[in-house]
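Residues per chain are reported as follows:
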Amino acid sequence: MRRLLVLALCAIALHPAWGGEAGWHAGVLRIPVPDGAAGTFNAAVFYPTHEAEASWQAGPFTVNATAGAPPAADRRFPVILLSHGRRGGPLTHRELAASLARAGFIVALPTHVGDASGLPLAPTQAQVLVDRPRQARAALEAVLAHPRLASSADAGRIGMIGFSAGGYTALVLAGARPDFARADAYCRDARDPGSCTRGTDAQQAYSSARPAPPDLTAWQPPVEPRIGALVLMDPLAVMFGPSGLSGVRVPTLLYRPESDAYLGAEANALAVERGLPAAPAVRVVPGAHFVFVDPCPPELASGEPLVCHDAPGVDRASIHREMKAEVARFLHASLAGQRDGRTAP
C-alpha cells in the first residue's frame, strides 16, 4: 500500500494540473467564528483571488496576500483546515496557507483560543485538548456559511493539515480516538518535552503521577466525516494506539523531522505511521520539530531560538518550498474524487 501511495504521488508530480501555484493570487480575510457558550474567536482564511497581491504587516509577520480581496468566483475550491501547534497561531503557517490559496484552495486557520500565542492560556491542557477539535469544526462551518466565501467553497472537498498539537486535532476530527491513560503511562518515565509537560505548570495535559482528568475520560471526541485527506506535520500523537487510529481511513501525508529531540518519534509520528489502517505517504525532512513552522521574521528569531533556529546545514526556506508544492499536489489528488451536487467540474 505504501509503495502504491508513493507511486501515485510521483505520477501526479508529473501532471501539470497539479503543479505548484496555479495562476491565482492569494487573498485573506479575518472572519469571526461563533463557538457556542465559549464565545467568538477569529480565523484567518486565505483563498484564491484574481486581484493582484499586496503584502502587509501583521505585527512582525509579512503577509503575502491581499487583505479583503474578492474571492475568485469562476469555480468552487476545496476547503482546507490548518491547525497550528501548541501556543502558536495562524500566522505561523501564513506562507503555506498563501501558497495553497494560489494553488486553488481555501485555507482556514482557526486561532485555538486557550492555546495561542498572545492570548490567555486555558487553565488546563485538558481543556485545550477538548477545545481544539471543536474550534476547528466551528471554523469550517464559518467558512462554509460566510457571505463572501460560501459561493466559492466546495463543501464536498475538505481536507485538513495539522502541525504538532494541530496534528492531534486533525486526527481526532478524522476519526481517531485518544487514550489519555496511554499517554499518561508513556509520560511517567519518558524524557520527551514535546509530548509530556511536567512540573508545576498548570497547562499540563497529564502529569507523570496522575491519571487523565475527568473532563478527558468522559469526553466524547467529535468527528468531521467530510474530511477527505490529512497532512500531518510531526503530529502530537502519544495518546493514540493502533485501535485508536483504526477509524482514520483517509489518504494521509505524514511529515516528520530527522531529529526527534523535542517530540519523540517512536510515540508520535512513527506510531501514526504504523497504526493507521492504510499506510501513509511519509516524508522525513532535515531538522527538528519546529522546522515545519514558517521561517521566522528576524525580530522574532532572537527571542524564540527553539522555534526559529535550525541546526547548521538545515535550510528551512528550501524545505518549505518543496513542502508547499508537494502538499498542494497531494491534496488536489486526494480530494479530486470527492464531489457534491453543488460543485463545478
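- The protein chain carries the name Dienelactone hydrolase in an unreviewed UniProt entry, which gives Bordetella genomosp. 13 as its organism.

### Section: helix 4 (residues 165–173)
Moving on, step 1. A large share of helix 4 lies buried, amounting to nine of its nine residues.
Moving on, step 2. Here helix 4 has its buried residues at Ala-165, Gly-166, Gly-167, Tyr-168, Thr-169, Ala-170, Leu-171, Val-172 and Leu-173.
Moving on, step 3. A positive backbone phi angle near 120 degrees is found at Gly-175, which sits one or two residues after helix 4.

### Some words on the state of the cysteines
Moving on, step 1. The final tally for this structure, using the stated rule, is two disulfides.
Moving on, step 2. The disulfide bridge from Cys-187 ends at Cys-196, spanning 2.0 Å between sulfur atoms. Because the sign of the S-S torsion sets the handedness, a value of about -75 degrees for the bond joining Cys-187 and Cys-196 places this disulfide among the left-handed ones. The same class applies to Cys-187 as to Cys-196, namely buried.
Moving on, step 3. Disulfide pairing places Cys-296 opposite Cys-308 at an S-S distance of 2.1 Å. The sign of the -85 degrees torsion about the S-S bond sets the Cys-296-Cys-308 disulfide as left-handed. Within this pair, whereas Cys-296 is found in the loop between strand 11 (281–285) and helix 9 (298–301), its partner Cys-308 is found in helix 10 (residues 305–308), the two being separated by twelve residues in sequence.
Moving on, step 4. Residue class for Cys-308 comes out buried when judged on its relative accessible area of 12%.

### Side note on unusual backbone geometry
Moving on, step 1. At Arg-87, a residue that is not glycine, the phi angle is positive and equals roughly 55 degrees.
Moving on, step 2. Mapping Arg-87 onto the fold places it in the loop between strand 6 (77–83) and helix 2 (94–102).
Moving on, step 3. For Arg-87, a relative accessible area of 38% corresponds to the partly exposed category.

### Regarding the packing of helix 3 (residues 125–145) against helix 4
Moving on, step 1. Where helix 3 meets helix 4, the axes come as close as 9 Å, and the angle between the chain directions of the two elements is 70 degrees. When the interaxial angle is binned, helix 3 and helix 4 end up roughly perpendicular. Handedness of the helix 3/helix 4 crossing: right-handed. Residues Leu-129, Arg-132, Pro-133, Ala-136 and Arg-137 of helix 3 form the contact with helix 4, whose participating residues are Ala-165, Gly-166, Tyr-168, Thr-169, Val-172 and Leu-173.

### Here's the deal with the pairing of strand 8 (residues 153–163)
Moving on, step 1. With eleven of its eleven residues buried, strand 8 lies for the most part within the structure.
Moving on, step 2. For strand 6 and strand 8, the ladder comprises seven bridges, and the chain directions are parallel. Note that in strand 8 the partner of Ile-80 across the bridge is Gly-159.
Moving on, step 3. Pairing analysis gives five bridges linking strand 8 to strand 9 (residues 227–233), with the strands arranged parallel. If you follow Gly-162 over to strand 9, its bridge partner there is Leu-232.

### A closer look at the nonpolar core
Moving on, step 1. In this structure, Tyr-168, Leu-171, Leu-230 and Phe-240 are the most contacted members of the largest nonpolar core, which totals 59 residues.
Moving on, step 2. The greatest single-element share of this core, amounting to ten residues, is contributed by helix 3.
Moving on, step 3. Setting aside its immediate chain neighbours within four residues, Leu-230 contacts Met-160, Ala-170, Leu-171, Ala-174, Val-248, Val-250, Pro-251, Thr-252, Leu-253 and Phe-330.
Moving on, step 4. If you look at the next biggest cluster of nonpolar residues, it comprises 39 residues, including Phe-105, Phe-163, Val-293 and Ile-319.

### Points about the sheet that holds strand 2 (residues 40–49)
Moving on, step 1. With mixed pairing, nine strands are arranged side by side in an open sheet as 5-1-2-7-6-8-9-10-11. With one partner strand each, in any of the chains shown, strand 5 (66–67) and strand 11 form the two edges of the open sheet.
Moving on, step 2. Along the sheet face, helix 4 touches strand 6, strand 8 and strand 9 and points at about 140 degrees away from the line of strand 8.
Moving on, step 3. The strands that helix 11 (residues 316–335) touches are strand 6, strand 8, strand 9, strand 10 (252–257) and strand 11; relative to strand 9, the one it contacts most, it runs at about 160 degrees.

### Here we look at the environment of Asp-315
Moving on, step 1. Looking at where Asp-315 falls in the secondary structure, it is placed in the loop between helix 10 and helix 11.
Moving on, step 2. Overall, the relative accessible area of 42% leaves Asp-315 in the partly exposed class.
Moving on, step 3. Spatially, the C-alpha atoms of Asp-315 and Gly-287 are 8.5 Å apart, while their sequence positions differ by 28 residues.
Moving on, step 4. A polar atom in the side chain of Asp-315 sits 3.3 Å from the backbone nitrogen of Ala-317.
Moving on, step 5. At 3.1 Å, the side chain of Asp-315 forms a polar contact with the backbone nitrogen of Ser-318.

The rules behind the values
Residues numbered from 1 in each chain as written. Predicted model: local features only at pLDDT ≥ 70, side-chain atom pairs only at ≥ 80, totals over all residues. Heavy atoms only, no water. Buried < 20%, exposed > 50% of the residue type's maximum accessible area, 1.4 Å probe, protein only. Helix = DSSP H or I, 4+ residues; strand = E, 2+ residues; numbered from the N terminus. Disulfide = S-S within 2.5 Å. Axes fitted to C-alpha atoms, helices over the stretch in contact; angles between N-to-C directions. Parallel < 35°, antiparallel > 145°, perpendicular 65-115°, else oblique. Left-handed = near helix turned anticlockwise from the far one by under 90°. Contact = heavy atoms within 4.5 Å. Pairing = 2+ DSSP bridges. Core = buried A, V, L, I, M, F, W, Y, C linked by side-chain atoms within 4.5 Å. Polar contact = N/O pair within 3.5 Å; in protein donor to acceptor, adjacent residues only side chain to side chain.

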